[in-house]
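# Structural features, examined
In case you want the letters, here they are:
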Amino acid sequence: MPETTTIMCRACLGVWHNQPPPTRRAPCPSCGLPTLVGHAELLDLTIAHVDCDAFYASVEKRDNPELRDKPVIVGHAGGRGVVTTACYIARRYGPRSAMPMFKAMELCPDAVVIPPDMAKYRVVSRQIRDLMNALTPMVEPLSLDEAYLDLGPDHRLVDSHPAVLLAGLAKSVKAEVGISISIGLAPNKFLAKLASDMEKPRGFSVIGRAEATAVLAPMPVSKIHGVGPATQRRLEAAGITQISALQAMPEAELTAMFGKFGRRLSAFVHGDDPRSISPDRETKSVSAETTFRRDINAPVDLIEAVLPLCERVAERLQRSGLAGRTVVLKLKTADFRTITRNRRIAAPTQRAEILADIATHLIRAEADGHFFRLIGIGVSDIAPAEEADPPDLFD
């Protein structure tokens, strides 16, 4: 970090140049609040990742102030339920997203469990998205509670520095929506997402070009975009656990190990990411699934379970103006082995009865006595609704 830097107050949005780097909890020279952010590249960076803090739980606490100081878990209690979101109070005791609910309750028996209300969360997400769209049309949503923003000079709709706009966004979300967000500001998507995780909740973290390699070096390889469990195991088998080890390897060596992904891997570990922000990301699939309270193996029970999922997928397709050419069945065995089967159809569909008919045939072919804990149905090879379900002679 240089001897002097640019600092900004997240509370009053003041900006000062050529200042000493602020210490933690240092007061703002204008408003006196300990809300300073300092970085040499603060006013030059334009790519942000915005992530709502414990989104579902935060919305529930907003709507019920009596829950403010209590551990809250959003998810379905009992049986095969899993944690959707745990608030930060609950997380102190160990519960995390995707953890089985029974395990979360063992760790935090005093938690208040609330079933998810997706319709309500979608409304809140839309409110936040509208605030983002007022700053730039280049908003790429990743889920209901997170998105990338490109606040470059060709895209931003407000004449101000991106850092100042983002600090203002956090204030607006808190004032108008009633929850908090964390922000990562960087030169690209990969670094921005890493930055947003650094100081949650209510964080505002910056990773600049100059220090990107040094910041990445001590991180585990699991932090790299695209490195899933299988790639992580492969790297660890080769003795590679930290990003610094990958930084020392030539691109040619990584390409020999991982093919095309090796080239991207080489770029990521040095803080480079050529991906642009795509506000209209193409939908590649639409699906729904359910986990059984007890494992089942009878074809009739599996078919009964998949029918409402077909209705749900059809409804989503119709609402989104989409259709699918390939129907995909997903089954997870009692020992957690995932089986997928698919069937391509003559024309794209958004009709539940067609999905159900194909799912029935696929289930009967797979239900050979194995017990299953999960079933899902979906469509891929997405097409516009105009191409869906053309009439035939019988219609």
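Everything below is about the structure shown above.
Residues numbered from 1 in each chain as written. Predicted model: local features only at pLDDT ≥ 70, side-chain atom pairs only at ≥ 80, totals over all residues. Heavy atoms only, no water.

## Observations concerning the pairing of strand S8 (residues 139-143)
Note: S8 against strand S9 (residues 146-150), four bridges, orientation antiparallel. Directly across from Pro 141, in S9, lies its bridge partner Ala 147. The turn joining S8 and S9, which pair antiparallel and follow one another in sequence, is formed by two residues. (Pairing = 2+ DSSP bridges. Helix = DSSP H or I, 4+ residues; strand = E, 2+ residues; numbered from the N terminus.)

## Some remarks on the pattern of salt bridges
Applying the stated rule across the entire model yields 16 salt bridges. Put simply, Glu 60 and Lys 120 hold a salt bridge, and the shortest N to O gap is 3.1 Å. In this pair, Glu 60 is assigned in helix H1 (residues 55-63) and Lys 120 in helix H4 (residues 118-133), connecting sequence segments 60 residues apart. For Arg 341, the salt bridge goes to Glu 366, with nearest N and O atoms at 2.8 Å. A residue pair is termed long-range when its members are at least 10 positions apart, and Arg 341 in strand S14 (residues 338-349) and Glu 366 in helix H13 (residues 352-366) qualify at 25 residues. Counted as one network, the salt bridges with shared partners bring together Glu 60, Arg 62, Asp 63 and Lys 120. (Salt bridge = Lys/Arg side-chain N within 4 Å of Asp/Glu carboxyl O.)

## Examining the nonpolar core
By size, the foremost hydrophobic cluster in this structure holds 52 residues, and its most contacted members are Phe 55, Ile 128, Leu 166, Leu 169, Ile 179 and Phe 204. Here this core gets eight residues from one element, more than from any other, and that element is helix H5 (residues 162-177). The residues touching Leu 166, leaving out its near neighbours within four places in the chain, are Ala 48, Val 50, Leu 151, Ile 183, Leu 185 and Phe 204. In terms of nonpolar packing, the next biggest core, distinct from the first, is built from 30 residues, Val 306, Ile 358, Ile 363 and Ile 375 among them. (Core = buried A, V, L, I, M, F, W, Y, C linked by side-chain atoms within 4.5 Å. Buried < 20%, exposed > 50% of the residue type's maximum accessible area, 1.4 Å probe, protein only. Contact = heavy atoms within 4.5 Å.)

## Here we look at the state of the cysteines
Taken as a whole and judged by the stated rule, the model has zero disulfides. Free cysteine Cys 31: the closest other cysteine sulfur is in Cys 9, separated by 3.6 Å. Residue Cys 31 is classed as partly exposed on the basis of its relative accessible area, which comes to 33%. Note on Cys 52: no disulfide assigned, nearest cysteine sulfur contributed by Cys 87 at a separation of 16 Å. (Disulfide = S-S within 2.5 Å.)

## Let's talk about the sheet that holds strand S4 (residues 47-52)
The five strands are arranged S8-S9-S4-S10-S11 in an open sheet whose pairing can be described as mixed. In the strand order of this sheet, the two ends are held by S8 and strand S11 (204-206), each with one partner. Across the sheet, the mean angle separating the axes of adjacent strands is 15 degrees when strand polarity is ignored. As paired strands, S4 and S9 are joined by five bridges and run antiparallel to one another. Directly across from Ala 48, in S9, lies its bridge partner Leu 149. (Axes fitted to C-alpha atoms, helices over the stretch in contact; angles between N-to-C directions.)

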